[in-house]
Amino acid sequence: MFSKLKGAGGGGGSGHSPLDTNPITQYFEVGKQTACAGPGLIWKIYDAVRKSDRKEASIFLFEKRLAEKLHKPKRKDTVCEVLRGSVRQLERFRHPKILQVLHSVEECNETLAFASEPILASLANILAYHEASGSGASGAPSTGASHPNTVQRPPPHAKDYSFLDLEIKYGLLQLTEALSYLHYTHHMLHRHVCPASIFVNKRGVWKLGGLEFTERLNEADPQEPMPISPWTSRVSKLCQPDLDYIAPEVQLHSQICMQSDMFSLGMVITSIFNHGRPIIQANNSNTSYQRQLDMLDEHVKMIVTDIPLPLREATIRLLSKEPKDRPTAQLLCLLKYFTTDSVVSTLQFLDVIQMKDPPQKNAFYKQTLRDSLPYIPRKLWFQHVWPSLEAEMRQSEVLASVLKPILLMIEHSTIEEYENVIQDSFRTVLTSPKTIQATVCLLENLHIILEKTQKEDARMEVLRVLYNAFESTTIQVQSAALFSVTNVADYIDEQAIRHMILPRTLSVFAQNSADLKFTIAVLSCVERILDRLDRPIILDQVLPLLTEVRLTDPDIMYRVVCIYAVLLRDKKYGLTVNQMATRVMPALLPQTVNPSLNLEQFTMLLQVLREMLDQIDRNQRNKLKLDNMSLPSPERRPLRHLFSSDNMHVPPFNIPNLRVEQRKTSSAEDMARKNSADSGILGGWWFGGGSSSPDSNFLRVQNALPIRRLSDNTLMTPKIRVAHSCSSSPGGSPGGLPIRRHSSIGPQERRGSTTNLSPPTGGSMPNTSSSTPFLSSSMSSLRSRRPSACLGGSQGSGLLQSLGTGMYQLFSGR
């Protein structure tokens, strides 16, 4: 049969497709065949698109001529009626876990066809791949599934037919829920639970179909077994369930109950974990079925080790030969294998999300799905999760919540995944009107979208959301736009920053300057785009903004200081020392004693202030140095001390071999100094203190200047002893110093000096008076101490001797 199906697929080599004559083509554009299903895999499944709304679908096609070739002509109508009945039942049972029919049966002389939700493949197709590649597999697939060459490869996001553990767990739960719905809601038996009746749609959801052989339960007691015809070779296999999955009580005792479907589900579980092979492979032989049924327990023990531990006990009980030992569908749904997995619960809620109200949807998308998304396999992101999110993006009341998981998916997806799966649908969100919450969410994550957007035109679409946000009058949107600039500044060209971003930033700040959070957002935005601005723009627009900001809040002050730090460290920004001293520092200095600052903020503030002071210091010092080095003008005369020898840096100079002895004072001088305070009536009388006394002036000087020594008014000069020097000294003479005039000698007399003030041999000294200030001053003092004109040399000394003798006699007499 398999070879005949293959030859009939796609119209053979004649180029004529069986679908061409079916009326369903008026409503759908039909593509290639992708799978097959149903009894004996008689249904061919094609990809399709509905013409009215371009919605994806799958077309199920049955060619009547196959029944004519495989069976007697009188059975043709029987097969067609069975297939028509299955579609009617599918349309009747509307449930998320049962295959959904989009278009009812369309029939012509050659074919039957109907449309369903998009199908990836039947479970029989997938298990056939597993069986063909599994260990020990040989021959034709025992499941009756089609050969891999008969179907096209699945879409790119489902690269192969391998199931993840989570997919299997969630798929089995969906089948159990579908059976529970049939058993307890509609009191119906499925009777044909097998891989050929289970479909995996393009979202990765397992759907129960194949309702060709449903049977109603006993109305009085649903648990009571009912009589049923067993499988027989006398009836076409297209009109009977698959023998490999039939329960023992049906085949041996011609009875059926709800637990009969549960046995078939147990056989499906073993096929999944046994590389697609069921543990009973009767090959359409009743005798072979009974023989293998006797070895069922042994086969179960062999295969159960490959089944997950939490599912093993339930599988053993499902495959029990006694119906009463099998769990019901309701009990199986409560198995810990299903209930303890939060990801399974999330996917389960997502399947029925369309039946929930907006508040429930918002709570699920915002929190539950976002938290579970990192634990959902990436394969299911685009198969299972994304289709639901894509449909919800059109609902404005839940868009803000839906964007949370969408943006998380975009962030962790590759560029190829974003461009191939998400981008086209996401453009509607960027261009359509949005709520305030949705706009804010989009702006805060705009950088994530731009990272995945490669084309320039697509980037402009994304940035247009930012530009439009600045035009909004809502403060939440404006604040989010400022925050977004800090993240996407690298994607904005300089022209837009200078002529659009900065002017609008300053404009919205002027309207909301009292809002602290808004001010912080403005400063963060300015700091981020600072390196993209020219010097004139900074001086004309940015600096006035900084001076207008109130620095009462520590966070705001810290942002302002950070901007000043950037301006300080690069001269291209044009911050001058005049602006620092007159505008910046006066505003920042009071903040140094702000008790609200933390250590980091205070440290940053002081560091910036020190840098400003350092720049002012360097600038002013350099300026003053340049002023002092300029040429003097006529109005400015050099100060005398600038050319004094005291300011000259010369090595210390000592006259060699020169010793100045301390002048000895006479006893009369000492006595006069001692009695200077007693210059009263007695002193004046004793010493001749009258105006006519020649010594009255001398004593009055002594009284007026008590510190002045008496010898300062005498001709006694200090004694200077100088060692003999060689005549080779500069300016020297054979006898020592050059002959000089003495003030006490007549103008014609000359007397040679016996002293030599020349340095030792081998030394050198400039022969200038300015080079020896000490010597010059000493010689000048000697010249100034000339004898008084009123007293001769002998007369002065006699007077002193008389005075001294009188003083001695006076005091000794006492």
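Residues numbered from 1 in each chain as written. Predicted model: local features only at pLDDT ≥ 70, side-chain atom pairs only at ≥ 80, totals over all residues. Heavy atoms only, no water.

Within an unreviewed UniProt entry, the label attached to the chain reads SCY1-like protein 2 isoform X9, and the organism entered is Thrips palmi. UniProt lists a comment for the chain under the heading Sequence similarities (unreviewed entry), and it reads "Belongs to the protein kinase superfamily." (UniProt positions renumbered as here; feature names shortened; annotations may be inferred.)

### Topic: the sheet that holds strand β6 (residues 119-122)
Strand order in the open sheet made by the three strands is β6-β8-β9, with antiparallel pairing throughout. At either margin of the open sheet sits one strand with a lone partner, and together these are β6 and β9 (206-208). Direction aside, neighbouring strands of the sheet carry axes that sit 35° apart on average. Bridge count for strand β8 (residues 198-201) against β9 is three bridges, and the pairing is antiparallel. For Val200, the partnering residue across the bridge sits in β9 and is Trp206. (Pairing = 2+ DSSP bridges. Helix = DSSP H or I, 4+ residues; strand = E, 2+ residues; numbered from the N terminus. Axes fitted to C-alpha atoms, helices over the stretch in contact; angles between N-to-C directions.)

### Examining the environment of Leu609
Position of Leu609 relative to the elements: it lies in helix α27 (residues 599-628). The spacing of Leu609 and Leu589 is 20 residues in sequence and 7.9 Å in space, taken between C-alpha atoms. Residues in contact with Leu609, not counting those within four places in the same chain, are Met585, Leu588, Leu589 and Thr592. (Contact = heavy atoms within 4.5 Å.)

### A look at the packing of aromatic side chains
Within the structure shown, the criterion is met by ten aromatic pairs. For the pair Trp43 and Phe60, a centre-to-centre distance of 6.1 Å together with 75° between the ring planes defines the contact as edge-to-face. Remark: Phe60 occurs in strand β3 (residues 56-63) and Trp43 occurs in strand β2 (residues 43-50); sequence separation between them is 17 residues. Geometrically, the ring pair formed by Phe163 and Trp206 is tilted, given 5.2 Å between the ring centres and 55° between the ring planes. Pair noted here: Phe163 is in the loop between α4 (123-133) and α5 (165-184) and Trp206 is in strand β9, with a separation of 43 residues, a long-range link. On the accessibility criterion, Trp206 (0% relative accessible area) is buried. Taken together, Trp43, Phe60, Phe62, Phe114 and Phe199 form an aromatic cluster joined through their ring pairs. (Phe/Tyr/Trp six-rings, centres within 6.5 Å; stacked < 30°, edge-to-face > 60°. Buried < 20%, exposed > 50% of the residue type's maximum accessible area, 1.4 Å probe, protein only.)

### A look at unusual backbone geometry
Here His275, not a glycine, exhibits a phi torsion of approximately 60°, which is positive. By the secondary structure assignment, His275 is in the loop between α7 (258-272) and α8 (286-294). The backbone of Asn284 sits at a positive phi, close to 60°, despite the residue not being glycine. Along the chain, the position of Asn284 falls in the loop between α7 and α8.

### What about the sheet that holds β3?
Consider a sheet: its strands pair through backbone hydrogen bonds, and that pairing is either parallel or antiparallel. Reading across from one edge, β1-β2-β3-β5-β4 is the order of the five strands in this open sheet, with antiparallel pairing throughout. Every other strand in the sheet has two partners, leaving β1 (28-37) and β4 (101-107) as the edge strands with one partner each. Sheet twist, expressed as the average angle between the axes of neighbouring strands with direction ignored, equals 25°. Its contacts with the sheet put helix α3 (residues 76-92) on β2, β3, β4 and β5 (111-116), and the angle it makes with β4 is roughly 155°.

### With respect to the pairing of β3
The buried fraction of β3 is high, at seven of eight residues. With six bridges joining them, β3 and β5 adopt antiparallel strand pairing. In the strand pairing of β5, Ser58 is matched with Ser116.

### Things to note about the side chain of Thr315
Following the sequence through the fold, Thr315 ends up in helix α10 (residues 309-318). By relative accessible area, which is 1% here, Thr315 ends up buried.

### Thoughts on the nonpolar core
As a rule of thumb, nonpolar side chains are buried together in soluble globular proteins. Of all hydrophobic cores here, the largest spans 194 residues; its most connected members are Phe426, Leu466, Tyr564 and Leu567. With residues near it in sequence (within four places) discarded, Phe426 still touches Met393, Leu403, Ile406, Leu407, Ile410, Tyr418, Leu442 and Ile449. Listed in part, the ten residues of the second largest apolar core include Ile24, Ile59, Leu61 and Ala115. (Core = buried A, V, L, I, M, F, W, Y, C linked by side-chain atoms within 4.5 Å.)

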